[in-house]
Amino acid sequence: MGSVSNQEFPGVCKTEEDEGPSTEEDSESFHGVGVCKWFNVRMGFGFLSMTNREGVPLEAPVDVFVHQSKLHMEGFRSLKEGEVVEFTFKKSAKGLESQRVSGPGGAHCVGSERRPKGKSVTKRRSKGDRCYNCGGLDHHAKECKLPPQPKKCHFCQSIAHMVANCPTKAAQSSPGSLGKPSSLKEDMEEHSHLHPESSN
């Protein structure tokens, strides 16, 4: 195919030399039928192998460039190798380019079952983030409908101290408590003895 200059891509400014009158053949579109020769799902393009042009069978298949944006289908757009397609195409400086690609009779393209590696089509699950204002799981503090709540320890939920000074956390992480698991009930009792004013 040879080297390709920037002037051959749509959306790039053309030079004065390129802005001559366009021929009818350049803007005219044709109808073709064929199969997908290959399609790179990660890059989003490939080539069609045209076997029939304007209703006339071709002696040898002709390659037609295809980009995912031209595929008639919903969701992730791609083509499966060997998939039968109908398409309109035009001649350009790069060769033959498809303009609209569909399945037989204008149906949606089937597409490849392959997906680019590292890209998930499903939504990422929540990691259990909580609202720092009320502790709710379904929103963040900036979306909280409650007025500002008293600040709490993130470890034991007490309003008497912050997590940096949490006696419960300190007791669990101290060297003497290794191998001696403390229950939540014990932690709460210990906490109430340390801060009797918080129970009033």
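Keep in mind that this is a model prediction, so the values were computed, not measured.

Rules used throughout
Residues numbered from 1 in each chain as written. Predicted model: local features only at pLDDT ≥ 70, side-chain atom pairs only at ≥ 80, totals over all residues. Heavy atoms only, no water. Helix = DSSP H or I, 4+ residues; strand = E, 2+ residues; numbered from the N terminus. Buried < 20%, exposed > 50% of the residue type's maximum accessible area, 1.4 Å probe, protein only. Areas by Shrake-Rupley, 256 points an atom, 1.4 Å probe, with all protein chains shown as cover. Core = buried A, V, L, I, M, F, W, Y, C linked by side-chain atoms within 4.5 Å. Contact = heavy atoms within 4.5 Å. UniProt positions renumbered as here; feature names shortened; annotations may be inferred. Salt bridge = Lys/Arg side-chain N within 4 Å of Asp/Glu carboxyl O. pLDDT = per-residue confidence, 0-100. Pairing = 2+ DSSP bridges.

Assigned secondary structure in the protein chain consists of three helices and five strands. When the helices and strands of the protein chain are listed from N to C terminus, the series reads α-β-β-β-β-β-α-α. Of all 200 residues assigned to the protein chain, the portion counted as buried reaches 24%. In the form shown here, the protein chain has an accessible surface area of approximately 14800 Å², with 53% of it arising from carbon and sulfur atoms.

A few words on the environment of E113. For E113, the location among the structural elements is in the loop between β5 (95-102) and α2 (167-173). Overall, the relative accessible area of 59% leaves E113 in the exposed class. Separated by 35 residues in sequence, E113 and S78 have C-alpha atoms that sit 8.6 Å apart.

It is worth spelling out the nonpolar core at this point. Ranked by internal contacts, the top residues of the largest apolar core, which has 17 residues, are L48, L71, L79, F87 and V101. Excluding residues that lie within four positions of it along the chain, L48 makes contacts with V35, C36, K37, V62, D63, V64, V66, L79, V85, F87, S98 and V101.

With numbering aligned to this structure, UniProt lists the feature "domain: CCHC-type" (unreviewed entry) at residues 130-145. Segment residues 130-145 splits into 0% helix and 0% strand. End C-alpha atoms: 14 Å apart.

Tracing the sequence through the fold places S102 in strand β5. You can call S102 buried: its relative accessible area is 4%. Excluding residues that lie within four positions of it along the chain, S102 makes contacts with H72, V84, V85, E86, A107 and C109.

The next thing to look at is the pattern of salt bridges. Summed over the entire model, instances satisfying the criterion amount to two salt bridges. K37 is the partner of D63 in a salt bridge, and the nearest nitrogen-oxygen pair spans 3.0 Å. Taken together, the residues span a long stretch of sequence, with D63 in strand β3 (residues 56-67) and K37 in strand β1 (residues 29-40) at a distance of 26 residues. With a relative accessible area of 35%, D63 lands in the partly exposed category. Judged by its relative accessible area of 40%, K37 is partly exposed. A salt bridge links K80 to E113, with the nearest nitrogen and oxygen atoms 3.6 Å apart. Residue K80 is located in the loop between β3 and β4 (84-92), and its partner E113 is located in the loop between β5 and α2; the two are separated by 33 residues in the primary sequence. For K80, a relative accessible area of 37% gives the class partly exposed.

This part is about the environment of L71. Position of L71 relative to the elements: it lies in the loop between β3 and β4. Residue L71 is classed as buried on the basis of its relative accessible area of 5%. Separated by 28 residues in sequence, L71 and Q99 have C-alpha atoms that sit 8.6 Å apart.

Put simply, the protein chain has an average pLDDT of 75, and 67% of its residues get 70 or more. Between residues 1-25, whose pLDDT stays under 50, and residues either more than four places distant or in other chains, the model counts 12 contacts. Across residues 179-183 the pLDDT falls below 50, and counting only partners more than four positions away or on other chains, this stretch makes two contacts in the model.

A regular strand places its side chains on the two faces of the sheet in alternate fashion. Of the strand pairs in this sheet, strand β2 (residues 45-53) and β3 are connected by eight bridges, and their pairing is antiparallel. Within β3, the position partnered with F47 by the bridge is F65. Following β2, the chain reverses through two residues before pairing antiparallel with β3; E54 in that reversal takes a positive phi of roughly 50 degrees.

Bridge analysis of β4 against β5 gives seven bridges, and the strand direction is antiparallel. Residue F87 lies in a different strand from β5, and its bridge partner there is V101. Here β4 folds back onto β5, and the loop between the two strands holds two residues.

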